[in-house]
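The residues making up each chain are set out below.
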Amino acid sequence: MLEVRDVKFFPDGRSVVDTIGIARFKVLSHGQRDGYHTAKIEYLEDKKVEGEELTELLKLHDSVYDQAMAWFTSLKDDMKSQIISHFGQLPAKDSDPQGNPSGPAWCWWLLAVLPLENKAQLTILAMTTLKDRLIAIRRVLIFVTRKRPR
């Protein structure tokens, strides 16, 4: 689900709509009504963990965030500038990664800027545990870091 932040209209009839994702959902069924597409949906939220699992999750969260920061800062200045102008800065690390039902904002920012095929991106977007998402993001970061010529 998207929140519209801004709309710019151009004389030729085109427009640019600036949005930000606010909730994830799964389509259970779809149809049409009065010429509009409709769907029955189920909101997706991350499963929360406690105790030792939470301690491990916090370590993983911090580690993957540091890895993401290292990858981003290692990019060439022109690439960083393009990303920042389009997506904004990498969001700060969350003190409570389970505070948002969809997980930390920086994960979603990173998934938007990493060079991922749509199918891979959707697979990660659909995950409902932060641990699984962080592990997947870590794998992608390892891959893009090794792949890039130095």
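These remarks concern the structure in this document. Note that the structure is predicted; figures quoted are calculated from it, not measured.

### What to know about the overall build of the chain
Next, step 1: The helix and strand tally for the chain stands at five helices and four strands.
Next, step 2: Across the chain, helices and strands are ordered from the amino to the carboxyl terminus as β-β-β-β-α-α-α-α-α.
Next, step 3: Structurally, the chain occupies a C-alpha span of about 50 × 40 × 25 Å along its principal axes.
Next, step 4: Residues counted as buried form 24% of the 150 residues belonging to the chain.
Next, step 5: As presented, the chain carries roughly 10,700 Å² of accessible surface, and 54% of it is formed by carbon and sulfur atoms.
Next, step 6: Taking the average location of the 22 positive side-chain charges in the chain and that of its 20 negative ones, the two points are 6 Å from each other.

### Some thoughts on the packing of aromatic side chains
Next, step 1: Overall, the coordinates contain three aromatic pairs when judged by the stated rule.
Next, step 2: Seen from their ring centres, Tyr 65 and Trp 106 are 5.1 Å apart, and the 85° between their planes marks the pair as edge-to-face. Residue Tyr 65 is located in helix H1 (residues 51-74), and its partner Trp 106 is located in helix H3 (residues 105-113); the two are separated by 41 residues in the primary sequence.
Next, step 3: Exposure remark for Trp 106: the relative accessible area of 0% places this residue in the buried category.
Next, step 4: Each ring, one from Phe 72 and one from Trp 109, has its centre 5.3 Å from the other, and the planes form 85°; the classification is edge-to-face.

### Notes on the nonpolar core
Next, step 1: Within the largest apolar cluster, 25 residues are counted, with the highest numbers of intra-cluster contacts made by Trp 71, Trp 106, Leu 110, Leu 134 and Leu 141.
Next, step 2: At the level of secondary structure, the elements contributing two or more residues to this core comprise H1, H3 and helix H5 (130-147).
Next, step 3: Setting aside its immediate chain neighbours within four residues, Trp 106 contacts His 61, Val 64, Tyr 65, Ala 68, Leu 90, Pro 91, Ala 92, Lys 93, Asp 94 and Leu 134.

### Details of unusual backbone geometry
Next, step 1: Residue Asp 34 is not a glycine yet carries a positive backbone phi of 55°.
Next, step 2: Along the chain, Asp 34 turns up in the loop between strand E3 (24-33) and strand E4 (36-44).
Next, step 3: Judged by its relative accessible area of 69%, Asp 34 is exposed.

### Things to note about a nonpolar patch on the surface
Next, step 1: A surface patch of nonpolar side chains, about 600 Å² in accessible area, is lined by Met 1, Ile 20, Ile 22, Phe 25, Val 27, Ile 41 and Tyr 43.
Next, step 2: As for its position among the elements, Ile 20 is in strand E2 (residues 15-21).

### A few points about the pairing of E3
Next, step 1: With nine bridges joining them, E3 and E4 adopt antiparallel strand pairing. By the bridge assignment, Val 27 is partnered in E4 with Ile 41.
Next, step 2: Linking two consecutive strands that pair antiparallel, namely E3 and E4, is a turn of two residues; a positive phi of about 55° is found at Asp 34 within it.

Rules and cut-offs
Residues numbered from 1 in each chain as written. Predicted model: local features only at pLDDT ≥ 70, side-chain atom pairs only at ≥ 80, totals over all residues. Heavy atoms only, no water. Helix = DSSP H or I, 4+ residues; strand = E, 2+ residues; numbered from the N terminus. Buried < 20%, exposed > 50% of the residue type's maximum accessible area, 1.4 Å probe, protein only. Areas by Shrake-Rupley, 256 points an atom, 1.4 Å probe, with all protein chains shown as cover. Lys, Arg positive; Asp, Glu negative; His and termini not counted. Charge placed at Lys NZ, Arg CZ, Asp CG, Glu CD. Phe/Tyr/Trp six-rings, centres within 6.5 Å; stacked < 30°, edge-to-face > 60°. Core = buried A, V, L, I, M, F, W, Y, C linked by side-chain atoms within 4.5 Å. Contact = heavy atoms within 4.5 Å. Patch = residues over 30% accessible without salt bridge, like charges linked within 9 Å, V, L, I, M, F, W, Y side chains within 5 Å. Salt bridge = Lys/Arg side-chain N within 4 Å of Asp/Glu carboxyl O. Pairing = 2+ DSSP bridges.

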